[in-house]
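# Survey of secondary and tertiary structure
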Number of protein chains: 2
Amino acid sequence: MRPRLSALRLTHHTLISCGLATLLASCAAAGTGASTHGTQPALPRNIILMIGDGMGFHQVSAYRQFADNPATPALEATVFDDLLIGSLATRPFGEADQITDSAAGATAYSCGIKTRNGAIGVGTDGKPCVTLLEYAKQRGKRTGVVVTSQITHATPASFFAHAGSRKQISEIAGQLVGLPASLQLDVAFGGGSADFTAEALSTLQNGGMQVINDRKALAALKRTPAIAMFAAQGLPKAIDRDANVPSLAEMTDKALTLLRSEPKGFFLMVEGSQIDWASHANDIVGTVSEMQDFAAAIQVARRFAAEQPDTLIVITADHETGGLALGRDKKGYWHTALLRQVRASAAGMAARVVAGADAVATLESWSPIRADVADKQTLQQAGRDGDKLEDAFAAIVSRHSLTGWTTTGHTGADVPLYAVGPGSDALRGHHDNSWLGQQLLRWLQVN
Amino acid sequence: MRPRLSALRLTHHTLISCGLATLLASCAAAGTGASTHGTQPALPRNIILMIGDGMGFHQVSAYRQFADNPATPALEATVFDDLLIGSLATRPFGEADQITDSAAGATAYSCGIKTRNGAIGVGTDGKPCVTLLEYAKQRGKRTGVVVTSQITHATPASFFAHAGSRKQISEIAGQLVGLPASLQLDVAFGGGSADFTAEALSTLQNGGMQVINDRKALAALKRTPAIAMFAAQGLPKAIDRDANVPSLAEMTDKALTLLRSEPKGFFLMVEGSQIDWASHANDIVGTVSEMQDFAAAIQVARRFAAEQPDTLIVITADHETGGLALGRDKKGYWHTALLRQVRASAAGMAARVVAGADAVATLESWSPIRADVADKQTLQQAGRDGDKLEDAFAAIVSRHSLTGWTTTGHTGADVPLYAVGPGSDALRGHHDNSWLGQQLLRWLQVN
């Protein structure tokens, strides 16, 4: 199929003021800082869509300050910085005042449509919409999802499944197992082994799918298709992981290595799933360390794209979580130095207390904070309840670092949009989230 | 003087991957959506720098939802949207964990340097730095500042004065009065007549400066130089203004009309000063209505630039204020419909109560909120104290609209960067705030 120029031309004003060839070669190269100007292909063969769940502009600002080298006066650039090209609005279908959830947010990208909160790859009529993964398969491309949540969680599920509610986990797992060979995922890496019965895993293996569950097996993996689940539910948070659990970067690297040999290219969705979870818990150390895990995966994708210049990388979020602010209570500081010295997430500290450790001793051995009267009271009130302890540790670190939060839910702010590679210039500016999905679908239709 | 290409080439990677002529003509035209592709000049003759004081990404998101037409399913685009090109970090000179104030934030733009909080147009050594306005004057351009704060306030002062502290108001006013003819401001519109003695105003008039203080005189103004102050301190908030006070858009329009005749061009700084003040008060209606006032001024500037394509418009902020979030308390909504029905700022409602009105009756007649027990208690506790009443009205509207705030001070988040016109493509991506000032200085040096 030849590129449908008419469809492309209508999508963005830059396509009107600048001919297609100019846009996708010289303009795109100039705008994205790609080093391949003159040789960059016009349309992407490979698309890597990277979603930082819950990653608002403030999560990115927080990560930049956290990742800064304090030995230099400059605030060092991050892997995000030179790729910033715009922002996306995230409102779901329905009441104008509603804030999106991850299901409607992911379906806006996977199908290019506005749908109701909770909907997984289905429209407002409850009918399945064609996803980017399905389009890619139809075009002979390989596909995959790489996440740190369960593989059946709302964001990845919206790319391969169709369900009226994100809560239909066994339905979503069943759909993955039952995918016809023509739509089978080539790679699916993450957590969530508890969502699949032994029978389901046998069915997958009988169909030719390799099923693995440890880091060594991931390293040894040589061919597709493969599903890898490194935890019963979500992976441990990056800062709490042991040597048996791979990083998002490691999983992304393996996925790209396996997918790259396909001449027709691939579509890969990579999610930093737990930026959202940590921000839901108002856990700033969990948030910035999950951002770091996501950033390392972006670095892997960028190295790949530098070698394979027909690769488009798009990085965005589904919504902001937590109402995170780098400052609170009229203080003129946000204490990143303290955050760099905390060595466990709030959930990680809570798990230690649930396992028998003393709460104050845990706080003081895993962070530089010396518990004051208020901290001790906060911890005492949480008792041995894991969720309450997570909230307590998160609140203590936020108070000492002067980190502000307004909610343990989502907020309605625009989210950042980053991109590099062929086509990225056409994504510039502010758009609706569903517009991005539509644009990616168009590229899958023509290349 | 000819363009110093070597200096320009070093400033941004796009300048390396794309020759200068290509960049500033075809690439810039494509990226910014300018309709003048092919005819756009290479470098800006006129520069309009527009600063939304306290305008973080969340203030822009809030304004978009506030300005949305609820009769249509789409979230309408704003004047900001197609101009989004990047973001700026805002940290001041000093401790790595510190959050900037408006003086250091404005001096980063006016002089292109990092300085300490409170410093007005001086470096960390206390010595004056050369400002954009001074450079522009040296190049034969006209200059001006248009604000809704006092003209002597931190942001505008950092462009024409040099003082160790923003609190040295009489020193700053004295410097404005004593500017040599070669550095005199051509237009200075805003508030703050209380900062100038009768003697100071006489000195200005004897030097040829027109001094005006009402909207009709502004409309009748035919030539420069002119200073206009429409209030003793800051202007009333946009939503509270009467017919005697011009809007920021009206002042901007007059300034552009007066400056446009100069063949060598001009540098104009326009500030939406009170986005910050409203966010300091955690007043969401004040914040979005000040955003609307700023957006209308941007519309005026864009219309001007469409007629004068050698005009560069750069829009940004000095910092975020308030830790604003579009959501709180784990609710899945942010109630913009309510905000659209509030007809006064929190300060405006407070002033009515101080003048004798009943607090509950004021809330209920200027907003759609029916006071509940908690609201009545909040208002009662504020008594007749203007500041406490402002806080009380702001808190009540935030509670009912589900608006979150983390501080009555500033926060450390990155701020958005918007631009259109010649050179705008070289500003793409994420940068330090002082980098933007340096870039604008370079353009004033070469054109």
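As the structure is a prediction and not an experimental result, all values here were calculated from the model.

Next up on the list: the overall build of chain A. Secondary structure summary: chain A contains 19 helices and twelve strands in total. For a compact globule of 447 residues, the expected C-alpha radius of gyration is about 22 Å, and chain A comes in at 22 Å, within 12% of that figure. The dimensions of chain A, computed from C-alpha atoms along their principal axes, are 70 × 55 × 45 Å. Counting the 447 residues in chain A, one finds 63% classified as buried. Across chain A, every contact between residues at least 6 apart in sequence was considered, and the portion connecting residues at least 24 apart equals 76%. Roughly 15,000 Å² of accessible area belongs to chain A as shown, and the carbon and sulfur atoms make up 52% of that amount.

The next point concerns helix α4 (residues 57–67) of chain A. Burial analysis of α4(A) places ten of its eleven residues in the buried class, which makes it a mostly covered element. Those residues of α4(A) not exposed but buried are Phe57(A), His58(A), Gln59(A), Val60(A), Ser61(A), Ala62(A), Tyr63(A), Arg64(A), Gln65(A) and Phe66(A).

Many authors give the size of an interface as the accessible area that is lost as the parts come together. Residue and element names in this part refer to chain A. Under the domain assignment, chain A is made up of domain 1 (12–325 + 413–446) and domain 2 (327–403). Relative to domain 2, the C-alpha centre of domain 1 lies at a distance of 31 Å. With 16 residues of domain 1 at the interface, the matching set in domain 2 holds 19 residues. For the domain 1 face of the interface with domain 2, the top three residues by lost area are Phe66, Ile284 and Val285, together amounting to 32%. For the interface between domain 1 and domain 2, the tally reads zero salt bridges. At the boundary of domain 1 with domain 2, the tally comes to six residue pairs in polar contact (both at pLDDT 80 or more). Taken together, the elements giving at least two residues each to the side of domain 1 that touches domain 2 come down to α4 and α13 (284–307).

With 62 residues of chain A in contact, the opposing surface of chain B contributes 62 residues. Counting the surface lost from both chain A and chain B, the interface buries some 4,800 Å², and carbon and sulfur atoms represent 53% of this. Of all residues in chain A, Arg91(A), Asp97(A) and Thr406(A) bury the most surface against chain B, accounting for 13% of the area lost on that side. On inspection of chain A and its partner chain B, the count reaches four salt bridges. Close ionic contact of Arg91(A) with Asp68(B) constitutes a salt bridge, the shortest N to O distance being 3.2 Å.

Applying the stated criterion across every chain yields a total of eight cavities of 30 Å³ or more. Of the volumes computed, that of the largest cavity is approximately 80 Å³. In terms of lining residues, the largest cavity is bounded by Ala89(A), Thr90(A), Arg91(A), Asp97(A), Gln98(A), Ile99(A), Thr100(A), Gly412(A), Asp414(A), Gln65(B), Leu75(B) and Trp334(B). Here the lining of the largest cavity is built from residues that sort into four nonpolar, five polar and three charged.

We now examine the relation of the copies chain A and chain B. With an RMSD of 0.0 Å, the fit of chain A onto chain B corresponds to turning through 180° and sliding 0.0 Å along the axis. Such values leave the two copies arranged in the relation of a two-fold axis. Comparing interface residues between copies, 100% of those in chain A also sit at the interface in chain B, which points to an isologous, same-surface contact.

Bringing the layout of surface pockets into the picture now. Considered as a void within the structure, the largest pocket measures approximately 660 Å³ in volume. Of all the elements in the fold, those that place two or more residues in the lining of the largest pocket are α12 (274–280), α15 (346–354) and α18 (386–401) of chain B. Contributing to the lining of the second largest pocket are 19 residues, with Pro73(A), Ala74(A), Leu75(A), Arg91(B) and Lys114(B) lying nearest its centre. In terms of residue count, the dominant contributor to the lining of the second largest pocket is strand β12 (residues 429–432) of chain B (three residues).

All names here are of chain A. Spatial strand order, β5-β6-β4-β3-β7-β1-β8-β11-β2-β12: ten strands in an open sheet with mixed pairing. Strand pairing shows two members of the sheet lacking a second neighbour, β5 (210–212) and β12 (429–432), which therefore form its edges. Recorded for the sheet is a direction-independent mean angle of 15° between the axes of neighbouring strands. For strand β4 (residues 187–191) and strand β6 (residues 226–229), the ladder comprises four bridges, and the chain directions are parallel. Residue pairing across strands places Val187 opposite Ala226, the latter belonging to β6.

This part covers the packing of aromatic side chains. Taken as a whole and assessed by the stated rule, the structure comprises eleven aromatic pairs over all chains. Taken together, a centroid distance of 6.2 Å and an interplanar angle of 20° make the contact between Phe159(A) and Phe267(A) stacked. Taken together, the positions of Phe159(A) in helix α7 (residues 154–160) and Phe267(A) in strand β7 (residues 266–272) put the pair 108 residues apart, joining distant regions of the chain. Take Phe159(A): its relative accessible area is 0%, and that puts it in the buried class. Arranged with centres 6.1 Å apart and planes meeting at 75°, the rings of Tyr63(B) and Phe80(B) form a pair that is edge-to-face. Pair noted here: Tyr63(B) is in helix α4 (residues 57–67) and Phe80(B) is in the loop between α4 and β2 (84–89), with a separation of 17 residues, a long-range link. Here the basic side chain of Arg343(A) rests over the ring of Trp366(A), its NZ or CZ set 4.7 Å away from the ring centre. Arg352(A) extends its terminal NZ or CZ atom over the ring of Trp366(A), reaching a point 3.7 Å from the ring centre.

Turning to the state of the cysteines, a few remarks are in order. All names here are of chain A. Scanning the model with the defined rule gives two disulfides over all chains in all. With a sulfur-sulfur separation of 2.2 Å, Cys111 is cross-linked through a disulfide to Cys129. Handedness of the Cys111-Cys129 disulfide follows from its S-S torsion of about 75°: it is right-handed. Taken together, the residues span a long stretch of sequence, with Cys111 in the loop between α5 (102–110) and α6 (132–138) and Cys129 in the loop between α5 and α6 at a distance of 18 residues. Residue Cys129 is classed as buried on the basis of its relative accessible area, which comes to 12%.

Moving on: unusual backbone geometry. Put simply, Thr224(A) and Pro225(A) share a cis peptide bond, and its omega is 0°. Positionally, Pro225(A) belongs in the loop between α10 (215–220) and β6. Unlike most non-glycine residues, Asp329(B) shows phi in positive territory, near 55°. Its relative accessible area of 46% is what places Asp329(B) among the partly exposed residues. The backbone of Leu402(B) shows a phi angle near 65°, a positive value even though the residue is not glycine.

Two numbers describe a pair of packed helices, the interaxial angle and the distance between the axes. Residues and elements named next belong to chain A. Contact geometry of helix α15 (residues 346–354) with helix α18 (residues 386–401) gives a least axis separation of 8 Å together with a crossing angle of 130°. Classed by the angle they form, the pair α15 and α18 counts as oblique. As α15 packs across α18, the resulting crossing turns out to be right-handed. In this structure, α15 contributes Ala346, Ala347, Met349, Ala350, Val353 and Val354 to the contact, and α18 contributes Gly386, Leu389, Glu390, Phe393, Ala394 and Val397.

A few words on the packing of helix α11 (residues 248–259) of chain B against helix α13 (residues 284–307) of chain B. Residues and elements named next belong to chain B. With their axes 7 Å apart at the nearest point, α11 and α13 run at an angle of 25° to one another. Taken together, the axes of α11 and α13 lie roughly parallel to each other. Judged by the twist between their axes, the crossing of α11 over α13 is right-handed. For the pair α11 and α13, contact is made by Leu248, Ala249, Thr252, Asp253 and Leu256 and by Asp293, Phe294, Ala296, Ala297, Val300, Ala301 and Phe304, respectively. Across the contact of α11 with α13, the residue classes tally to nine nonpolar, one polar and two charged.

The subject of this paragraph is the nonpolar core. One finds Phe80(A), Phe189(A), Phe80(B), Phe159(B) and Phe189(B) to be the most contacted residues of the largest nonpolar core, which totals 228 residues. Here this core gets twelve residues from one element, more than from any other, and that element is α13(B). Ala62(A), Leu324(A), Ile396(A) and Val397(A) belong to the second-largest nonpolar core, a separate cluster that totals 30 residues.

Calculation criteria
- Residues numbered from 1 in each chain as written.
- Chains lettered and ligands numbered in written order.
- Predicted model: local features only at pLDDT ≥ 70, side-chain atom pairs only at ≥ 80, totals over all residues.
- Heavy atoms only, no water.
- Helix = DSSP H or I, 4+ residues; strand = E, 2+ residues; numbered from the N terminus.
- Rg over C-alpha atoms; globule rule 2.2 N^0.38 Å.
- Buried < 20%, exposed > 50% of the residue type's maximum accessible area, 1.4 Å probe, protein only.
- Contact = heavy atoms within 4.5 Å.
- Areas by Shrake-Rupley, 256 points an atom, 1.4 Å probe, with all protein chains shown as cover.
- Domains from an automatic or database assignment.
- Buried area = accessible area lost by both parts, 1.4 Å probe.
- Salt bridge = Lys/Arg side-chain N within 4 Å of Asp/Glu carboxyl O.
- Polar contact = N/O pair within 3.5 Å; in protein donor to acceptor, adjacent residues only side chain to side chain.
- 1 Å grid on protein atoms, 1.4 Å probe; cavity = no way out; pocket = protein on both sides within 12 Å on 5 of 7 lines; lining within 4 Å.
- Points joined across faces, edges and corners; volume = space filled by probe spheres on them.
- Nonpolar A, V, L, I, M, F, W, Y, C, P; charged D, E, K, R; others polar.
- Least-squares fit on C-alpha atoms with pLDDT ≥ 70 in both.
- Pairing = 2+ DSSP bridges.
- Axes fitted to C-alpha atoms, helices over the stretch in contact; angles between N-to-C directions.
- Phe/Tyr/Trp six-rings, centres within 6.5 Å; stacked < 30°, edge-to-face > 60°.
- Lys NZ or Arg CZ within 6 Å of the ring centre and 35° of its normal.
- Disulfide = S-S within 2.5 Å.
- Parallel < 35°, antiparallel > 145°, perpendicular 65-115°, else oblique.
- Left-handed = near helix turned anticlockwise from the far one by under 90°.
- Core = buried A, V, L, I, M, F, W, Y, C linked by side-chain atoms within 4.5 Å.

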